[in-house]
Amino acid sequence: MEIERKFLIPSLPETLEEYPVCLMEQAYLCRQPVLRVRREEHGEEKSFVLTYKSKGLLEREEYNLPLDEEAYQHLRAKADGRWITKRRYLIPEKDGLTIELDVFEGELTGLVMAEVEFPDRGTAEAYRAPEWFGKEVTYDPAYHNSNLSLL
């Protein structure tokens, strides 16, 4: 089960280069349910994943299936809509949590969002975001990456 809250970020932290970063490319095969293919690059390492996500906003089921590059390329060719590319920075947060700061590129340049995943709903509901976070968009489906990918 994925339990996460999402926030718009009005300006980037000054210390961004201090944190690990991953380049991501992803696209969608289906939006209901969500079927996504993603390539992640951590330096020289690449990984490929097919993800299923159920309906939901704060909470939803999520399953990840590792792919090899050939399977990824095969599925990538079947995706529709806009490809999403972004840089994800992993920023340590209080209580052992991690802020996943996504800086979008390409057609979505200028969009910056933070996601924080939680071990349970109670922790998610009790979370107090840092002051540098902007508007919360957890309950706005327009900010699901699957909807951002629509042309």
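Below you will find a few notes about this structure. None of these values were measured; they are calculated from a predicted model. In this numbering scheme, every chain counts its residues from 1 along its sequence in written order. Residue-level local features of this predicted model are given only where pLDDT is at least 70; pairs of side-chain atoms are given and counted only at 80 or more, and the full residue set underlies all totals for whole chains, interfaces and linings. No hydrogens and no water enter the side-chain calculation; it runs on all heavy atoms of the structure.

We treat two strands as partners when DSSP finds at least two bridges between them. By the criteria applied, helices consist of DSSP H or I runs no shorter than four residues and strands consist of E runs no shorter than two, each listed in order from the N terminus. With respect to topology, nine strands assemble into an open sheet ordered β5-β1-β9-β8-β7-β2-β3-β4-β6, the strand pairing being antiparallel. A single partner strand is all that each edge strand has here, and the edge strands are β5 (59-60) and β6 (62-67). Bridging between strand β8 (residues 98-104) and strand β9 (residues 112-117) involves five bridges; their strand directions are antiparallel. Counted as the bridge partner of Glu100 is Glu115 from β9. Sheet strands in contact with helix α1 (residues 69-76) are β2 (21-31), β3 (34-42), β4 (45-53), β6 and β7 (80-92), and its direction is about 130° off that of β3. Contacts are residue-level and defined by heavy atoms, with any inter-residue pair within 4.5 Å sufficient. Axis definition: a line fit to C-alpha positions, over the contact stretch in the case of helices; interaxial angles, taken between N-to-C directions, run 0 to 180 degrees.

For the rest of this paragraph, the subject is the environment of Leu35. Topologically, Leu35 is positioned in strand β3. For every residue, the accessible area obtained with a 1.4 Å probe (protein chains only) is divided by the maximum for its type, and the residue is called buried under 20%, exposed over 50%, and partly exposed between those limits. The exposure class of Leu35 is partly exposed, given its relative accessible area of 28%. Between the C-alpha atoms of Leu35 and Glu69, which are 34 residues apart in sequence, the distance is 17 Å. Ignoring any residue separated from it by four or fewer positions in sequence, one finds Leu35 in contact with Ala27, Tyr28, Leu29, Cys30, Thr51 and Tyr52.

Time to look at the packing of aromatic side chains. We call Phe, Tyr and Trp rings a pair once their centres come within 6.5 Å, taking the six-membered ring for Trp, and we label the pair stacked below 30 degrees between planes, edge-to-face above 60, and tilted otherwise. This structure, assessed with the given rule, holds six aromatic pairs. Should the NZ of a Lys or the CZ of an Arg lie within 6 Å of a ring centre and within 35 degrees of the ring normal, that charge is described as sitting over the ring. Geometry around Trp83 places Arg76 over its ring, the cationic atom sitting 4.3 Å from the centre.

Our next topic: the pattern of salt bridges. Only one rule defines a salt bridge in this text: a Lys or Arg side-chain nitrogen within 4 Å of an Asp or Glu carboxyl oxygen. Inspection of the entire model under this criterion finds 19 salt bridges. Between Glu136 and Arg5 there is a salt bridge whose closest N-O contact spans 2.8 Å. With Glu136 in the loop between α2 (121-126) and α3 (145-148) and Arg5 in strand β1 (residues 2-8), this residue pair connects regions lying 131 residues apart in the sequence. Since its relative accessible area comes to 11%, Arg5 is described here as buried. Between Glu107 and Arg82 there is a salt bridge, with the nearest N and O atoms lying 3.3 Å from each other. Placement of Glu107 in the loop between β8 and β9 and of Arg82 in strand β7 is noted, with a sequence separation of 25 residues between them. For Glu107, a relative accessible area of 62% puts it in the exposed group. Residue classification places Arg82 among the buried positions, given a relative accessible area of 16%.

By themselves these figures say nothing about function.
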